[in-house]
Every structure is written in C-alpha cells, then in structure tokens.
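# Architecture and fold: a report
Residue-level listing of the chains:
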Amino acid sequence: MHLEAEQVLKKAKRRMRRETKILLLGSGDSGKTTIMKQMRLITHSAFTYGELEAYRQLVFANLVTGMRALVECLPDVGMPIDRIPDIWAAYQEIEKAPDIKEGQPFPEEYLPHFKLLWAHPTIQRGILICRQFAIPDNVPYFYESLDRLFAPSYQPTHQDLVHVRARTTGIVETVFQIPNDLSRITLPDPNAIPIPAQSRHTRLQTKVQPAGPNHEDSNVPSMETTSRTTTAVGGDSATLEDARKALLKWQSSEMQEVRFVDVGGQKSQRRKWIHCFQDVTAILFLVALSGYDQCIIEEKTTNQMSDAMSIWGNICTMEWFKNCHFILFLNKEDLFSEKLESSPIRRYFPDYSGGSTDVEAAKDYFKRRFLRIAQKGTHQLLQECESSTRPNKTDNTFLSKRTVYPHFTTAVDISLIQRVMESVSHIILQSALQEADIL
Ligand SMILES: Nc1nc2c(ncn2[C@@H]2O[C@H](COP(=O)(O)OP(=O)(O)OP(=O)(O)O)[C@@H](O)[C@H]2O)c(=O)[nH]1
Ligand SMILES: [Mg+2]
C-alpha cells in the first residue's frame, strides 16, 4: 500500500477507535450535573418514570434542606430566628416533614409553614445577607413557586429538573448521540412536563437510586450507558482514497457519539477523579462565577472561587491531559450579574481594579485569571515533559499549542447551553479532522 495512504489510514483508525470523551471537572456546586441534564434535554434522551419521580421527591427535599441551610446561617449574621415565635414554630414543623413517597403529593399541611417562612422579612433579608455561606442557589426558584409545587397533580417541568439539586457521588457516564448541527434541534419547552421514556425505547439505561432519608447526600439519579457503536475504517487493502472517503463520511455523518463523564466535585469526591483520566478528548471545567464571595459547602473557611482556581491549576499541569482540549465554562453568569452591585469583588479579590458594578469588567477579570493560570500550568508541564529523561518520551506539539476555550454560561438556560455546546462540538470535530490530516 502507498506509504501516505497507510499513514492516513493508521491515524484515521486510531482517531475513530477513540471515542470522544468529555470529562466534566470543577468544585462541588459549579454546575456539572446541570450541564449533563441539559445535554439530555437538548438531545431528547428522555428521563425514565423512576428518574422523574426521584426528581419530584427531591424538589420537596430541596425545600426543606434549603431552608435549613439558611436558618442555620442566620445566627452567624446576628439574625437567629428562635426568638421569632411564629416563624420558629413553622421551621420546627417543616424540620419534621417526612420524605415524600412514590406517587404521594407534597403534604398540603406544610404549605402554610413554607409560605410563612418565605414571606417573612427576616428570611428575605437573610437570603441576601447570608450569601457568603453555601446556601443552595435554587432556594428562591422553588420557594417562589410554592403553590405550583404543592398542587396534588404536580410533576416537575424541564426547568424544575435543571434547578433541582443532588450532589454527585461517584462517577456518572452518559453517551450521547450528538447531531453535528446541534443548533437545528428543536428544544423542549422549559415549562412543559417531560414525558417519561418507555425504557425499551431509550438507549440510555438508567439506574435510579431510591431517594433515601438524606436526599442531599444521595446521588439521584445516576446514569449508566450500555450500548456503544464503533466505526470501522478500511481494511489492509484500503487505498489513500478509501481512507479519505471513510474520514469524510465520518465527518459528514449526522451524529457524533460523545461520552460525557460527570464526577462529584466536593472534596471527599475528588480522590475518585483519577479513575476517569484515561483517553480524555476534552476537559470541560466548570467554575461558579457567583462563588467569588461564597465559601464551599464542605468548609466555611475556603472561598469557592479560590478553590476552583486551585483545582484548575492542578488540572492544567497534569500530564494525563497534555493532549486534551481545555474548555472553560465560567458558569452562573446570571447569579454573578445579580449580586455584583451588592457584593463588591474587591472585598474578596483586592487586585480587581474594574468598576464595582461593571459586569463585563468583572467577568473579564476572572476570565483573565483563569487563562493566566492555564498558561502558567501549560508552561510548567511543557518544561517538565521536555526535560524528562524517560525512554518513552512523547510528542509535545499539541501541548505547546494548547488553547483554552472560555465561555460565559448560565447552565440553567437551555438555549444558551445549546449554542455553547454547538461551538464546543465544533472545536472537537475540527481538531479530530486536523489530527487525521484531512483538512
Ligand atoms: N441560577 C443558576 N443556577 C445554576 C447554574 N448552574 C447550576 N445551577 C444550580 O446550582 C446547583 C448545583 O448544580 P450541580 O449541577 O448539581 O453542581 P455540580 O457541579 O454537579 O455539583 P457536585 O455534584 O456536588 O460536584 C443546582 O441547583 C443547579 O440548578 C446557573 O448557571 N445559574
Ligand atoms: Mg453533580
């Protein structure tokens, strides 16, 4: 066979054997699982009845745990509620609320307690003042819809699904069939109620753990995939033309198979990350922009943004990822813009020199900080790789040109995520083709 054909074919085979794998990393609460949920909604990979029911039960649990998180922080800001008899009594009642059982509507006797608490000026003020603590972001979203949630026929809407919170424990992998032109997909209506999948019609096999007594600690639901398709190219007798044709077919095929790997971002979960470091095509790193003035849920003394910067710095220097694309989602832009005015960045990051209400300058500041960390990390890794005396030293061309692709995102906004993911999949496809030398 012609030498050139042989080389192209070899690269093509290698490339196609390697499924695209996107690893989502970032601190706890940065929005990784929310992106996974949005990908399921965008690609119309339906949720099973069991998953939807687990999410419905979680909404109620989120109401209780959200209020508890807030009430427990109030003494720290000098606003304890145990001396305010009516709301203290209401709080005591909701604390006793049992978990919701399968098919059981939210118990109506608790509705007045939730309403009383939410309407009280101390709680309203508390939610603004306690922002430096890790109060769940979905508290206002769900509390503002109490009547809707307590309707006996309530089922979560698509938008409720992306707001509901369960921390991830372990590793959750999902394979999506992503059309090359994501922008052409018609998105589901965020306010519509999803139709459960008939499990025999869905290619995603889902495993739903029952929502236990402590929902916040349960990983509901978790997803696993069973089926995989492989794309074979040519045989030994293939020519250069065959190889080119196979690659072009792959390029023009309507679907890409992409494996998304979601991990738990809280400190106790991070030691598990290494189990999914192999064969990664792209790192999708999420940062909660709105976390600049908040602590992480695990530790009141650690700032969320500083925690994210430190993980990012480590990831950028890892040899595991020297041939990976780096995509950075500066997430929770909606919450970031809302809080900027009342919580000056300079209080937490003294070197910030932009205007205290200038959202664009503030976004740009964090973007530059993350890009600088990446640049430093890449430089350090490159030096280490080049000075390595190992016999099986590998090529550093990709690393020396490594680019980080930053995006400002609001993970709960499906149309925005559709646009961003369209650009992400374009980057990955383009580079796959360049790698296979056919452009
Ligand atoms: N308003 C708003 N809420 C968001 C955004 N992104 C995520 N959230 C909410 O933030 C909470 C945490 O999101 P998750 O996706 O569970 O975070 P995670 O990174 O998977 O967290 P771990 O599993 O603990 O690592 C959820 O309630 C989401 O609805 C955003 O851009 N804006
Ligand atoms: Mg998660």
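Residues numbered from 1 in each chain as written. Chains lettered and ligands numbered in written order. Predicted model: local features only at pLDDT ≥ 70, side-chain atom pairs only at ≥ 80, totals over all residues. Heavy atoms only, no water.

### Some words on the UniProt feature "binding site: GTP" (unreviewed entry) in the chain
Per the UniProt annotation, the sites labelled "binding site: GTP" (unreviewed entry) are Asp262, Val263, Gly264, Gly265, Gln266, Asn331, Lys332, Glu333 and Asp334. Within the element layout of this structure, Val263 appears in strand E5 (residues 255–263). On the basis of relative accessibility, which here comes to 1%, the residue Val263 falls in the buried class. As for its position among the elements, Gly264 is in the loop between E5 and strand E6 (282–288). With relative accessibility at 2%, the residue Gly264 sits in the buried group. Residues contacting Gly264, with those up to four places away along its chain left out, are Lys32, Thr168, Gly170, Gln269, Arg270 and Trp273. (UniProt positions renumbered as here; feature names shortened; annotations may be inferred. Helix = DSSP H or I, 4+ residues; strand = E, 2+ residues; numbered from the N terminus. Buried < 20%, exposed > 50% of the residue type's maximum accessible area, 1.4 Å probe, protein only. Contact = heavy atoms within 4.5 Å.)

### What about helix H13 (residues 359–387)?
Because an α-helix packs 3.6 residues into every turn, residues spaced three or four apart end up facing the same way. The terminal C-alpha atoms of H13, which comprises 29 residues, lie 42 Å apart, in line with the 42 Å expected from a rise of 1.5 Å per residue. Residues of H13 that are buried include every one of Ala362, Lys363, Tyr365, Phe366, Phe370, Ala374, Gly377, Thr378, Leu381, Leu382 and Cys385, and no others. Summarising the contacts, the buried residues of H13 are in contact with E6, helix H11 (304–316), strand E9 (325–331), helix H12 (333–339), helix H14 (397–400) and strand E10 (404–408). The opening residue of H13 is Asp358, an N-cap whose side-chain oxygen sits 3.3 Å from the backbone nitrogen of Glu360. (Expected span 1.5 Å × (residues − 1). Polar contact = N/O pair within 3.5 Å; in protein donor to acceptor, adjacent residues only side chain to side chain.)

### Concerning the packing of helix H5 (residues 111–119) against helix H6 (residues 121–129)
One can describe the packing of H5 onto H6 by two numbers: an axis separation of 5 Å at closest approach and a directional angle of 65°. Every residue of H6 that contacts H5 at Leu117, Trp118 and Ala119 is listed here: Pro121, Ile123, Gln124 and Ile127. Tallied by class, the residues present in the contact of H5 with H6 amount to six nonpolar, one polar and no charged. (Axes fitted to C-alpha atoms, helices over the stretch in contact; angles between N-to-C directions. Nonpolar A, V, L, I, M, F, W, Y, C, P; charged D, E, K, R; others polar.)

### Considerations on the coordination of the magnesium ion (ligand 2)
Summarising the metal site, the magnesium ion (ligand 2) is bound by the protein donors Thr33 (OG1) and Thr168 (OG1), whose distances to it range over 2.0 to 2.1 Å. In this pair, Thr33 is assigned in helix H2 (residues 32–42) and Thr168 in the loop between helix H9 (158–163) and strand E2 (171–179), connecting sequence segments 135 residues apart. You can call Thr33 partly exposed: its relative accessible area is 23%. (Donors = N, O, S within 2.8 Å, 3.2 Å for Na, K, Ca; no water.)

### Points about the site of ligand 1
Near ligand 1 you find 25 residues, and of these Lys32, Thr34, Val162, Thr168 and Gly265 are the closest. Take His163: an N or O atom from its main chain is 3.0 Å from an oxygen atom of ligand 1. One nitrogen or oxygen atom from the main chain of Gly265 is found 2.6 Å from an oxygen atom belonging to ligand 1. The protein chains hide 98% of the 650 Å² of surface that ligand 1 would expose on its own. Every element with two or more residues in the shell around ligand 1 is listed here: H2, H9 and H12. For the shell around ligand 1, the leading source of residues is H2, giving three residues. By residue class, the composition of the shell around ligand 1 is five nonpolar, 14 polar and six charged. (Near = heavy atom within 4 Å. Areas by Shrake-Rupley, 256 points an atom, 1.4 Å probe, with all protein chains shown as cover.)

### Concerning the sheet that holds strand E1 (residues 20–26)
Taken together, six strands build an open sheet; the order of strands is E2-E5-E1-E6-E9-E10 and the sheet is mixed. Bordering the open sheet on either side are E2 and E10, each of which pairs with just one other strand. Ignoring which end each strand starts from, the neighbouring axes of this sheet average 20° apart. Here E6 runs beside E9; their pairing, made up of seven bridges, is parallel. Bridging from a neighbouring strand, Ala282 pairs with His325 of E9. (Pairing = 2+ DSSP bridges.)

### Quick word on the environment of Pro75
For Pro75, the location among the structural elements is in the loop between helix H3 (49–73) and helix H4 (85–95). Classification of Pro75 by relative accessible area gives partly exposed; the value is 45%. Counting along the chain gives 51 residues from Pro75 to Gly126, while the straight-line C-alpha distance between them is 10.0 Å.

### Thoughts on the environment of His120
Looking at the secondary structure, you find His120 in the loop between H5 and H6. The spatial distance from the C-alpha of His120 to the C-alpha of Asp86 is 9.8 Å, given a sequence separation of 34 residues. Residues in contact with His120, not counting those within four places in the same chain, are Ile84 and Ile87.

### Regarding the UniProt feature "binding site: Mg(2+)" (unreviewed entry) in the chain
According to UniProt, the "binding site: Mg(2+)" (unreviewed entry) feature falls on Thr33 and Thr168. Their sequence span is 136 residues, while the largest C-alpha to C-alpha distance among them is just 7.5 Å; these annotated residues converge on one region. Here Thr33 is in contact with Thr168 and Asp262, once residues within four sequence places are set aside. Take Thr168: its relative accessible area is 9%, and that puts it in the buried class. Looking at Thr168, its side chain comes within polar contact range of the side chain of Thr33, at 2.8 Å.

### Notes on H11
Over its 13 residues, H11 extends 18 Å from the first C-alpha to the last, a length consistent with the 18 Å expected when each residue adds 1.5 Å. In terms of burial, H11 is a largely internal element, 10 of the 13 residues being buried. Buried within H11 are the following residues: Gln304, Met305, Asp307, Ala308, Met309, Ile311, Trp312, Gly313, Ile315 and Cys316. The backbone nitrogen of Met305 has a side-chain oxygen 2.8 Å away, supplied by the residue at the start of H11, namely Asn303.

### Topic: empty space enclosed by the protein
Inspection of every chain in the model, using the stated rule, returns four cavities of 30 Å³ or more. For the second largest cavity, the calculated volume is near 60 Å³. Looking at the second largest cavity, the residues that line it are Ile22, Met39, Ile178, Leu182, Gln256, Val258, Phe260, Met421, Val424, Ser425 and Ile428. Among the secondary structure elements, those contributing two or more residues to the lining of the second largest cavity are E5 and helix H15 (414–435). Per-element accounting of the lining of the second largest cavity gives the leading share, four residues, to H15. Partitioned by chemical class, the residues of the lining of the second largest cavity number nine nonpolar, two polar and no charged. (1 Å grid on protein atoms, 1.4 Å probe; cavity = no way out; pocket = protein on both sides within 12 Å on 5 of 7 lines; lining within 4 Å. Points joined across faces, edges and corners; volume = space filled by probe spheres on them.)

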